[in-house]
Amino acid sequence: MENNVILSVSGVSKHYKYYKTLFDIRKNVIKAVDGVSFDVYKNEIFAVVGETGCGKSTLSKLILGLTEKTSGKIYFKGELLDYKNKKNDFRKKIQILFQDPYSSLNPKKKIYKIISYPAVRNGIIKNKKKDRIEFAAEQLKVVGLPETIALNYPHMLSGGQRQRIGIARCLSVRPELLILDEPVSALDVSVSAQILNLLMDLKNETGMSYIFITHDLKLVRHLADRVCVMYGGKIMEIAETDDFFKNPSHPYSKSLLESMSFLTSTRRNL
Amino acid sequence: MALEINNLTVELCAGKDESGCINVVDSLFLSVKEGEVVSIVGESGSGKSFLGLSILKLNPQGVSRIVSGEIKISCKSQNVEADILKLKPDELTDVRGKIISMIFQDPNTSLNPVMKIGEQITEAILTHKKISKKEAKDIAVKYLNYMNIDGLARFNSYPYELSGGMRQRVMIAMAMVLNPCFLIADEPTTALDVTTSLQVLKLIKEIKEKSGVGIIFITHDLTVARSISDRTYVFYAGQVMESGNTEDIINNPAHPYTISLIKSIPSLSPDYVPKQKLFNISGYLTKDDFKNGKCRFYSRCFKRDDGCLNDIGLRNFPDSENGGKYGRAVRCIKFNSRGGAK
Ligand SMILES: Nc1ncnc2c1ncn2[C@@H]1O[C@H](COP(=O)(O)OP(=O)(O)O)[C@@H](O)[C@H]1O
Ligand SMILES: Nc1ncnc2c1ncn2[C@@H]1O[C@H](COP(=O)(O)OP(=O)(O)O)[C@@H](O)[C@H]1O
Ligand SMILES: [Mg+2]
Ligand SMILES: [Mg+2]
């Protein structure tokens, strides 16, 4: 394996079994992720695109060990990715930024506690109120929020602010691989621009890699080094971003690109 | 047929004393004609939903109140000509849904989760129309079909059995089923992915063309506004900062806020380059920005100086083609119509 590969996904599948109705004895299978293989390089932004239900979130759960693989193997820097193996610190090195900030912030905890929790858990700072508030204030600055909200509760914040809290929390332990699952799709453009700039800066400063999950091709074009197109749990195409936009090889990619031209050129195209 | 808002001001008092009051909608003028889509574009917290709700006097009671203004509607097909703010409660009920209907970002909050979608639409019809249940059902099926949902097959489905895009289309069916003159759509595609959002946008456009409904389309996304609207109102902290033809605004923005917005969106600006830093609008929108006096964008503006300490109000472009209500206007002292915001 090349040593500039940070993550290697090899023949990974996730099949969900379910019963159509309560009385149905036959099991049905959804192949949410179906025999997927790809490498993510160090300091690269690897975009995964596709419409809702194509398996993007399942793929990220598999990488994070939040759901069992049906088959296949995943390697992190050449080592088998196994979260039971505590000495490798995989939990800290691979972080995910969730799509939905509402369900991921504990409503009973003040903001500074939410943000500083992973840092405390990973021994980056001491579990002292003063330290935690200071640390949180720093992280808040990074995501463009006033320090004063450190003492607020999540319900006092707007959706955009909550999303930024999630980002602050996630970046606070400086992971090596960050999975971004639709990180800006719920944000205002002004906030989104700040976050995208920030993500680019952090990538360049820290050498982190991103798996950037999105359905928005504008963002792919803006950020990604390579793009992986998924459809129905399978990979349709992996390409360098520039090549992809100039000359998509798969018909499905072409139709995705059409939807983008609709949104970025004048309304007469509708 | 038109809806015209003149000088609407809505006050929001969330704090305990009067000093905590802000004009969450401030001396606002807006108009929409038959078969026209106008967008209200602004970031979250700027008061867009408040504006949308206030048009139907659905703004949250207890904390907010409509201070002044008029909301004139004329709707030929329903034979109504009125100022919404002067209506009696029962007349207002009639206007809601029948003359102006509304759809929201999250269909889950408006659809009853334990009621079949066909029945929900039927019920909406029957609260406003004196027709038989059978007739109402037929209309419901027709409107579902019209939204590319198999009305007969899906009539007995519950909301959870449908995808997000489908649920949003059910919402649109419900909003259109009484054949209203106006539709207020509050971020109807924000929760959807690009492909689904595209389908919903196309559908809204089609409906507009077939029915002639006038649409107020609320969004935080200028790209979406561009794809759907004839005219756009750029909205910030309760005020219109710039208004006019959507393409004109994007190709030739006048207000520093509009300029900043466009440069912060990948692909939108004509001189966009991938992987370059996006424009970063400094700071964030706070409640303080809603205070009257200086330009409300002052604290974040890259052009600000002491001249901006007095809000000058919205001014028409002198050379604007239509002038007045339907032409270009901008609220910025730095702007002269020939050279942009200098
Ligand atoms: N826990 C689960 N049980 C059964 N099916 C699931 C589960 N999670 C996801 N799926 C199905 O797997 C497919 C892929 O889902 P997902 O990974 O969430 O897609 P995406 O993130 O691209 O929208 C969908 O058809 C979805 O309904
Ligand atoms: N029920 C409420 N009580 C007090 N403040 C509210 C309420 N709803 C919204 N607000 C505040 O009013 C402002 C405008 O909100 P809103 O109209 O929802 O903005 P937008 O739709 O543009 O995101 C925000 O600052 C928000 O926090
Ligand atoms: Mg997902
Ligand atoms: Mg809103």
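Residues numbered from 1 in each chain as written. Chains lettered and ligands numbered in written order. Predicted model: local features only at pLDDT ≥ 70, side-chain atom pairs only at ≥ 80, totals over all residues. Heavy atoms only, no water.

This part is about the nonpolar core. One finds Leu3(B), Ile5(B), Leu51(B), Ile55(B), Ile73(B), Ile100(B) and Ile216(B) to be the most contacted residues of the largest nonpolar core, which totals 61 residues. With six residues, strand 2 (residues 21–33) of chain B is the single largest residue contributor to this core. Counting contributing residues, this core receives three or more from each of domain 1 (2–229) and domain 2 (236–330) of chain B. Filtering out sequence-adjacent residues up to four positions away, Leu3(B) remains in contact with Leu30(B), Ser31(B), Val32(B), Ile55(B), Ile71(B), Lys72(B), Ile73(B), Ile100(B), Phe182(B) and Ile216(B). One finds Leu145(A), Ile165(A), Leu187(A) and Tyr252(A) within the second-largest nonpolar core, a separate group that totals 51 residues. (Core = buried A, V, L, I, M, F, W, Y, C linked by side-chain atoms within 4.5 Å. Buried < 20%, exposed > 50% of the residue type's maximum accessible area, 1.4 Å probe, protein only. Helix = DSSP H or I, 4+ residues; strand = E, 2+ residues; numbered from the N terminus. Domains from an automatic or database assignment. Contact = heavy atoms within 4.5 Å.)

Time to look at the site of ligand 2. Residue and element names in this part refer to chain B. Every one of the 13 residues lining ligand 2 counts as a neighbour, but Gly45, Gly47, Lys48, Ser49 and Phe50 are closest to it. Here an oxygen atom of ligand 2 sits 2.8 Å away from a polar atom, N or O, in the side chain of Ser49. Separating an oxygen atom of ligand 2 from a backbone N or O atom of Phe50 is a distance of 2.9 Å. Tallying contributions element by element places helix 1 (residues 48–55) first for the shell around ligand 2, with three residues. (Near = heavy atom within 4 Å. Polar contact = N/O pair within 3.5 Å; in protein donor to acceptor, adjacent residues only side chain to side chain.)

So, about the site of ligand 1. Residues and elements named next belong to chain A. Around ligand 1 sit Tyr16, Ile30, Ala32, Glu51, Thr52, Gly53, Cys54, Gly55, Lys56, Ser57 and Thr58, and those are all the residues in its vicinity. One of the backbone nitrogen or oxygen atoms of Gly53 is found 2.6 Å away from an oxygen atom of ligand 1. Within the backbone of Gly55, an N or O atom sits 3.1 Å from an oxygen atom of ligand 1. Alone, ligand 1 offers 560 Å² of accessible surface; in the complex the protein occludes 63% of this. By residue number, the principal contributor to the shell around ligand 1 is helix 1 (residues 56–63), which donates three residues. Looking at side-chain class alone, the shell around ligand 1 contains four nonpolar, five polar and two charged residues. (Areas by Shrake-Rupley, 256 points an atom, 1.4 Å probe, with all protein chains shown as cover. Nonpolar A, V, L, I, M, F, W, Y, C, P; charged D, E, K, R; others polar.)

Let us look at the domain arrangement of chain B. All names here are of chain B. Taken as a whole, chain B is organised into domain 1 (2–229) and domain 2 (236–330). With 24 residues of domain 1 at the interface, the matching set in domain 2 holds 22 residues. Counting each side, the surface lost to burial between domain 1 and domain 2 is near 2,000 Å², with a carbon and sulfur contribution of 56%. On the domain 1 side of the contact with domain 2, Glu43, Leu222 and Arg226 bury the most area, a combined 31% of that side's loss. (Buried area = accessible area lost by both parts, 1.4 Å probe.)

Residues and elements named next belong to chain B. Ordered in space as 2-1-4-5, the four strands form an open sheet in which the pairing is antiparallel. Of all the strands in the sheet, the pair left with one neighbour each is strand 2 and strand 5 (80–83). Recorded for the sheet is a direction-independent mean angle of 15° between the axes of neighbouring strands. Relative to strand 5, strand 4 (residues 64–75) is paired through four bridges, and the arrangement is antiparallel. (Pairing = 2+ DSSP bridges. Axes fitted to C-alpha atoms, helices over the stretch in contact; angles between N-to-C directions.)

Each side of the interface is counted separately: chain B has 37 residues, and chain A has 37 residues. Interface area for chain B against chain A, summed over the two sides, is near 3,400 Å², with a carbon-plus-sulfur share of 56%. Where chain B touches chain A, the interface holds one salt bridge. Along the contact surface separating chain B from chain A lie nine residue pairs in polar contact (both at pLDDT 80 or more). Elements with a minimum of two residues in the side of chain B that touches chain A: helix 8 (194–211) and helix 9 (222–228) of chain B. Looking at the side of chain B that touches chain A, the element that brings in the most residues is helix 8 of chain B, giving six residues. In the side of chain B that touches chain A, the residues fall into 14 nonpolar, 13 polar and 10 charged. (Salt bridge = Lys/Arg side-chain N within 4 Å of Asp/Glu carboxyl O.)

With that settled, the discussion passes to empty space enclosed by the protein. The tally for this structure, following the rule as stated, stands at two cavities of 30 Å³ or more. Each pocket or cavity is described by its volume, and for the largest cavity that value is around 90 Å³. Of the residues in the lining of the largest cavity, the class split is eight nonpolar, two polar and three charged. (1 Å grid on protein atoms, 1.4 Å probe; cavity = no way out; pocket = protein on both sides within 12 Å on 5 of 7 lines; lining within 4 Å. Points joined across faces, edges and corners; volume = space filled by probe spheres on them.)

Our next topic: the state of the cysteines. Residues and elements named next belong to chain B. If you walk through the whole model with that rule in mind, you get two disulfides over all chains. Here Cys75 pairs with Cys181 through a disulfide, and the sulfurs are 2.0 Å apart. Here the S-S torsion is close to 75°, and the disulfide linking Cys75 with Cys181 is therefore right-handed. Residue Cys75 is found in strand 4, and its partner Cys181 is found in the loop between helix 7 (164–176) and strand 7 (182–186); the two are separated by 106 residues along the sequence. Once the bonded cysteines of chain B are numbered in order along the sequence, the disulfide links fall as 1-2, 3-4. Between Cys295, a cysteine without a disulfide, and Cys308, which holds the nearest cysteine sulfur, the sulfur-to-sulfur distance is 6.1 Å. Free cysteine Cys308: the closest other cysteine sulfur is in Cys301, separated by 6.1 Å. (Disulfide = S-S within 2.5 Å.)

Attention now moves to a positive patch on the surface. A cluster of basic residues, Lys108(A), Lys109(A), Lys113(A) and Lys129(A), forms a positive patch on the protein surface. Counting through the fold element by element, Lys129(A) comes out in helix 5 (residues 129–142). (Patch = residues over 30% accessible without salt bridge, like charges linked within 9 Å, V, L, I, M, F, W, Y side chains within 5 Å. Lys, Arg positive; Asp, Glu negative; His and termini not counted. Charge placed at Lys NZ, Arg CZ, Asp CG, Glu CD.)

Now for the layout of surface pockets. All names here are of chain B. Size it by volume and the second largest pocket reaches roughly 510 Å³. At the level of secondary structure, the elements contributing two or more residues to the lining of the second largest pocket comprise helix 2 (89–98), strand 6 (100–103), helix 4 (117–128) and helix 7. Broken down by element, the lining of the second largest pocket gets its largest block of residues, five residues, from helix 4. In terms of residue class, the lining of the second largest pocket is made up of 12 nonpolar, seven polar and two charged.

A separate point is a nonpolar patch on the surface. Residues Tyr16(A), Tyr18(A) and Ile30(A) make up a contiguous nonpolar surface patch of roughly 250 Å² in combined accessible area. Relative to the elements of secondary structure, Ile30(A) occurs in strand 2 (residues 27–41).

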